[in-house]
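Examining the three-dimensional arrangement
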Amino acid sequence: MTSAPVAGAFAATAVRSRRRAKRKAAWRRRGLVLGLMSPWIVGFTVFFLYPLVTSAYLSLTHYDLLSPPRWVGLANYRFMFENDQLVWPAIKNTLWLMVVYVPAQVLFAFGIALMLTRARRGVGFFRTVFYLPALVPTVAGTLGFVYLLNPATGPVDIALGHLGISGPLWFHSPRWSKPSLTLLGLWGIGNMMIIFLAALIDVPKHLYESASLDGAGPFQRLRWVTVPSISPVILFALVIGVIDSLQYFTQAYVAASIAVGQSASQSAENLGYPENSTLFYPVLLYQQGFRYFNMGYASAMAMVLLVVALVVTLLILRSSRLWVFYQGARR
Amino acid sequence: MRRSTLALSLFSVLLLTTFGVLGQGSEAATGAHKPVTITFWNGFTARELGIISKAVAGFHKQYPWITVKTTGALTADKLTAAIRGGSPPDAASLFETDTLGAFCSSGAFQDLTSYIKRDHMNLNVFPKTIQNYTAYQDKRCALPLLADTYGLYYNKTLFAKAGLKGPPKTVDQLAAYAKKLTQRNKDGSLKVVGFNPLDGWYENAPAHTGPMWGAKWMNGNTSNIAGDPGWAAWLRWQKKLVDWYGHDRLVKWQAGTGDEFSASNAFEAGKVAMNLDGEYRVAFVDAEHPELKYGTAPLPTSKPSLYGSGFVIGTIMAIPKGSHDPDEAWLLEKYLATNTKALTGLSLGLKNVPSTLPSLRVPAVRKDPHFRVFLDIFGNPKSSTQPVLKIGSQNQTLFANFVQKWQAGHVKPQDLHAGLQNVDKQINDALKQSGQVP
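Residues numbered from 1 in each chain as written. Chains lettered and ligands numbered in written order. Predicted model: local features only at pLDDT ≥ 70, side-chain atom pairs only at ≥ 80, totals over all residues.

1. Observations regarding the domain arrangement of chain A
Along its sequence, chain A is carved into domain 1 (3-52) and domain 2 (84-323). Each of domain 1 of chain A and domain 2 of chain A has a C-alpha centre, and these two points are 50 Å apart. (Domains from an automatic or database assignment.)

Here you go:
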């Protein structure tokens, strides 16, 4: 009579203690995972989440860096879209980068990498030569290009002059300033080229052999074998290129400051020279935040930039379903 | 009891007054104060920082209990970070005068009115222009540390070759002389430019050229560029001269000129016959091209009554919020801003205009005839400066953006007024957004 309830109670206690031990182990596991993830969690919170939340808050205030932020609601956003006449030229210039500069960089890097895979002699030398510009500091590279493309004393226009061609004004012309920056960008495609090169070397040889046996010529092999095989790398280059173009700053800042021909203190007033043709969105954001102490407005601009970057990246990723092929994946 | 209390009080007052007065008179000599070390951050570097340190040593001699630690290469960004971080210098000096509106309106620079009143400081030792650019609205939160004045430099050798004797005095003469002095290469490109009217080059900026036409930026609290006929007159004059050279030719020539602050400066190298520049160029020419035969003069003007005046701006000194020893910082800034001996030393060393009217009369400062011209422009009551706004130099940038388009021929002449009205609108919108204008 008494042994059955005692045995039952004993079993219940055993189950409970087993459950407790399991729960303890689960907590320990969670603790371990959290502990191992803590460097990332701390980094993410301090360097991403906190600035993001602060920036979102500041975008709704008038904040001059020196006195406490004053709540203004959506006034900064309204000012951006209704009053600030420099925002649209800055957006247009940045779009130009996305539409012309980024595809040109991707195509050029791909082309150079393709040529390097075909080279039979001096491969190491040519790889080094094409990669080297990527090691040059951005400011130094930009200064070099402003010198090279100087319409009066630059070797490019002098050489063109010898051929009877009157060279353009390059960084001094609103029509040529962005193409000049594109040339500078093409010169420094070393990193992208190396990634393409690795992808091209990785394309299975038997695919080319099969295509050749099927009678495919060089262009058809490129179109139907090479491009689909490296399409994930093209997607990567495009996404990185677009994000870079949305953050394009140093080259435009240096080129405008030097080309305008003023002292450093005054040249900051001429960002975007000539005629705002190099006034990219991040340049305008910098000017508002750090030259005019208009940090609330600059934060609103940063929030818009974040949303645009997200939307564009999502669109590219969405479209990639149509043109990116992963080895072994079913379509 | 009452009588004794009264007597005691009177005696105390007498004692305090006597020793107070004595103490004031001999505080520097007796060293009765507790020693204090203050920090003074300023924008000067290298040789120029040495000259500032020399002036600071003179201050220490007068106030031996105050030791000043001087640090150079200060910029507005660095100062902002220091104030925000709670570790600002006790005294600060900035080259970026146009940031005063932001610093002053936010309280980041302390209001100096109480110090000025306490010490009965006579602000009229400074010309009106200086009084204007050291205050934001009714808040005076800065004192001047020397000034820059702009005038005309002309190459006497090129003038003699062209048969010209003296500098132009009117803007029409300036255009005529510029054409006469210009030399072209066989292919039509420009070899020597008489006067470069392109805005944005070297010191060519609306703020510097506007005073030649008596142009004013503001009407009360609103931007009035379209409303002031001076700006439109300047732009029409400028465009006519740019077109005479050919815009692209002038840009190409300009691209080939050397860096402004180098020995290959276009004026110093003889590539431009007349140039708008600050008084500091005298020191550069002395050091880099002593062989250059040149003269200086006030900038030509549209009206004879304006001749002799010009644009004035300068370095500012302030006491940042959070300064540990603001009283001592005030003494230092007052000394550097008003002590004639200190100003003379600084002016001769830095080749900048001393910022008080009495120091302009010091014979040592007036000795160099090239430099003297700038002292007279500085003292001219019609000289002017830029407005101090909460938006910093945004008004200048927005106007300069329009001028770039105008001079390139990308604005139709009949659209000039509408274009200037749009510039005003942009500036007024920015002022409203900043909270300066309700």
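2. Some words on helix H7 (residues 177-187) of chain A
All names here are of chain A. Residues of H7 that are buried: Ser177, Lys178, Ser180, Leu181, Leu184 and Gly185. All buried residues of H7 lie within an arc of 155 degrees about the axis, which places them on one face of the element. Contacts from the buried residues of H7 go to helix H3 (87-118), helix H5 (138-148) and helix H11 (250-259). (Buried ≥ 20, exposed ≤ 12 C-beta atoms within 10 Å, placed from the backbone. Helix = DSSP H or I, 4+ residues; strand = E, 2+ residues; numbered from the N terminus. Arc of directions from axis to C-beta. Contact = placed C-beta atoms within 7 Å.)

3. Here we look at the environment of Pro320 of chain B
Residue and element names in this part refer to chain B. Of note, Pro320 is situated in the loop between strand E13 (312-318) and helix H13 (326-338). Taking the number of C-beta atoms within 10 Å as the measure of exposure, Pro320 has 23 and is therefore buried. For Pro320 and Asp111, which are 209 residues apart along the polypeptide, the C-alpha to C-alpha distance reads 9.5 Å. Setting aside residues up to four positions removed in sequence, Pro320 forms contacts with Leu79, Ile83, Pro88, Pro89, Ala92, Ala108 and Phe109.

4. With respect to helix H10 (residues 218-246) of chain A
All names here are of chain A. An ideal rise of 1.5 Å per residue puts 42 Å on 29 residues; H10 reaches only 36 Å between its terminal C-alpha atoms. At Ser231, H10 is deflected by roughly 60 degrees, the largest bend along its length, and proline Pro232 occurs up to four residues later in sequence. When H10 is considered as a whole, its buried residues turn out to be Thr226, Ile230, Val233, Ile234, Ala237, Leu238, Gly241 and Ser245. Buried positions along H10 lie against H3, helix H8 (190-201) and helix H14 (295-323). (Expected span 1.5 Å × (residues − 1). Bend = angle between axes of the 7 residues up to and from the residue.)

5. Quick look at the packing of helix H2 (residues 75-82) of chain A against H14 of chain A
Residues and elements named next belong to chain A. Between H2 and H14, whose axes approach to 9 Å, the crossing angle comes to 70 degrees. Judged by the inter-axis angle, H2 sits roughly perpendicular to H14. The residues of H14 that touch H2, namely those facing Asn76, Tyr77, Phe79 and Met80, are Gly296, Tyr297, Ala300, Met301 and Val304. (Axes fitted to C-alpha atoms, helices over the stretch in contact; angles between N-to-C directions. Parallel < 35°, antiparallel > 145°, perpendicular 65-115°, else oblique.)

6. Topic: the nonpolar core
Judged by nonpolar contacts, the single largest core of 184 residues is most densely connected at Phe196 of chain A together with Met274 and Leu332 of chain B. Ranked by residue count, the leading element in this core is H3 of chain A, at 10 residues. When residues no more than four places from it in sequence are discounted, the contact partners of Leu332 of chain B are Ile38, Phe40, Phe59, Val68 and Ala91 of chain B. (Core = buried A, V, L, I, M, F, W, Y, C linked by C-beta atoms within 7 Å.)

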